[in-house]
Amino acid sequence: MFRRKDTEAKDLPNAPAGGLDDVIVVVEQAVNPYVVLFHDPAGYRAEQVRALRNRLVAMNPDGEPKTLVVTSAVRGEGKTVAAINLAMALAELERQQVVLVDADLRRPSCERYLNLNPDIGLSDVLLGRTTVERALRTAGHRSLMLFGPGTRVENPAEILGSARLDELFRRLKEHFQYIVVDTPPALPSTDAGVLASRADGTLLVVRLEKSLKKQSRQAVRLLQDMGGNVMGTFVTDLRGADPDSDNRLAFDSPQSDED
Ligand SMILES: Nc1ncnc2c1ncn2[C@@H]1O[C@H](COP(=O)(O)OP(=O)(O)O)[C@@H](O)[C@H]1O
Ligand SMILES: [Mg+2]
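In this text the structure is predicted, and so the values were computed from the model without any measurement.

## Examining the overall build of the protein
- A count of helices and strands for the protein gives 11 helices and seven strands.
- Relative to its full complement of 259 residues, the protein shows a buried share of 44%.
- Just so you have it, the protein exposes about 14600 Å², and 48% of that area is on carbon and sulfur atoms.

See the structure below:
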């Protein structure tokens, strides 16, 4: 139980006459609350992301640099949050240099979710306005670096389709072991397909009980048709979301065999 010491209120310069008992303190959560690797690194959900990370790392025994695209069928399925969590989990590994690339030039959100100011980034590099080195920034978590979306552009498809994208991925592989790429949804535009076709692997985010199976399947087909290597799905938003509130997730629950 938290108790305020009586001396504290009167010591504050603008303390109200009646004390601070009625004051409600709102703590701003600047980094998106679902970025669990940041907010709750010891929690169950962070562990699940690390389990995915470990599988990806195990699939890459030679430790070659890899580009991983994170996408989903439609908007709002948790792509950006999943990409940030995965990038943070990879950055926890020793001697692994990791960069998160915000390639959603339509509705970029990595900077906002990480509480960073917009800056130059992907679009500027692809348009030849700046260099890769200048556009790289620290993401504010361990050694994770961020490659933001850059200056707003009117023609994202054209820009992402340029040959400069291959060159950029090649350059990033000189610096990083893992390049995690956040994308727009796969169904409404070709951006995600284009990015997937140039990446080493693609993960499809499925938001349980919200994503439509038909759309997720359609997205997988489309990504594969464009030459993407769809490695698996990243299931988010499990009901209950923590082992204490959902028996299906319990490590050691007496009722776990019932359903
Ligand atoms: N695991 C989760 N559980 C509940 N809400 C989530 C989860 N992941 C993300 N969200 C929320 O859902 C919304 C969409 O997430 P976002 O990552 O921006 O999706 P997308 O990039 O697919 O459009 C955001 O408001 C985000 O805070
Ligand atoms: Mg997004």
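## Some details on the site of ligand 1
- What surrounds ligand 1 is a group of 13 residues, the closest being G76, K79, T80, Y113 and R207.
- A distance of 2.9 Å is found between an oxygen atom of ligand 1 and a side-chain nitrogen or oxygen belonging to T80.
- Protein contacts shield 78% of the accessible area of ligand 1, which totals 560 Å² for the unbound molecule.
- Here ligand 1 is seated within the largest pocket.
- The element contributing the most residues to the shell around ligand 1 is helix α4 (residues 79-91), with three residues.
- Residue composition of the shell around ligand 1, grouped by class: three nonpolar, five polar and five charged.

## Points about the layout of surface pockets
- Of the volumes computed, that of the largest pocket is approximately 1200 Å³.
- Forming the walls of the largest pocket are 45 residues, and the residues nearest its centre are E77, G78, A82, F234 and T236.
- The set of elements that each furnish at least two residues to the lining of the largest pocket consists of α3 (44-58), α4, α5 (110-113), β6 (201-207) and β7 (230-236).
- Per element, the largest residue contribution to the lining of the largest pocket is eight residues, and it comes from α3.

## Structural notes on the packing of α3 against α4
- Two elements in contact, α3 and α4, have axes separated by 9 Å at closest approach and are oriented at 65°. If you check the angle between α3 and α4, you find them roughly perpendicular. Both α3 and α4 take part in a crossing whose hand is right-handed. Contacts between α3 and α4 involve V49, R50, L52, R53, L56 and V57 on the former and, on the latter, N85, L86, A89 and L90.
- Residues belonging to the contact of α3 with α4 are distributed by class as follows: seven nonpolar, one polar and two charged.

The rules behind each value
- Residues numbered from 1 in each chain as written.
- Chains lettered and ligands numbered in written order.
- Predicted model: local features only at pLDDT ≥ 70, side-chain atom pairs only at ≥ 80, totals over all residues.
- Heavy atoms only, no water.
- Helix = DSSP H or I, 4+ residues; strand = E, 2+ residues; numbered from the N terminus.
- Buried < 20%, exposed > 50% of the residue type's maximum accessible area, 1.4 Å probe, protein only.
- Areas by Shrake-Rupley, 256 points an atom, 1.4 Å probe, with all protein chains shown as cover.
- Near = heavy atom within 4 Å.
- Polar contact = N/O pair within 3.5 Å; in protein donor to acceptor, adjacent residues only side chain to side chain.
- 1 Å grid on protein atoms, 1.4 Å probe; cavity = no way out; pocket = protein on both sides within 12 Å on 5 of 7 lines; lining within 4 Å.
- Sits in = over half its atoms within 2 Å of the grid points.
- Nonpolar A, V, L, I, M, F, W, Y, C, P; charged D, E, K, R; others polar.
- Points joined across faces, edges and corners; volume = space filled by probe spheres on them.
- Axes fitted to C-alpha atoms, helices over the stretch in contact; angles between N-to-C directions.
- Parallel < 35°, antiparallel > 145°, perpendicular 65-115°, else oblique.
- Left-handed = near helix turned anticlockwise from the far one by under 90°.
- Contact = heavy atoms within 4.5 Å.

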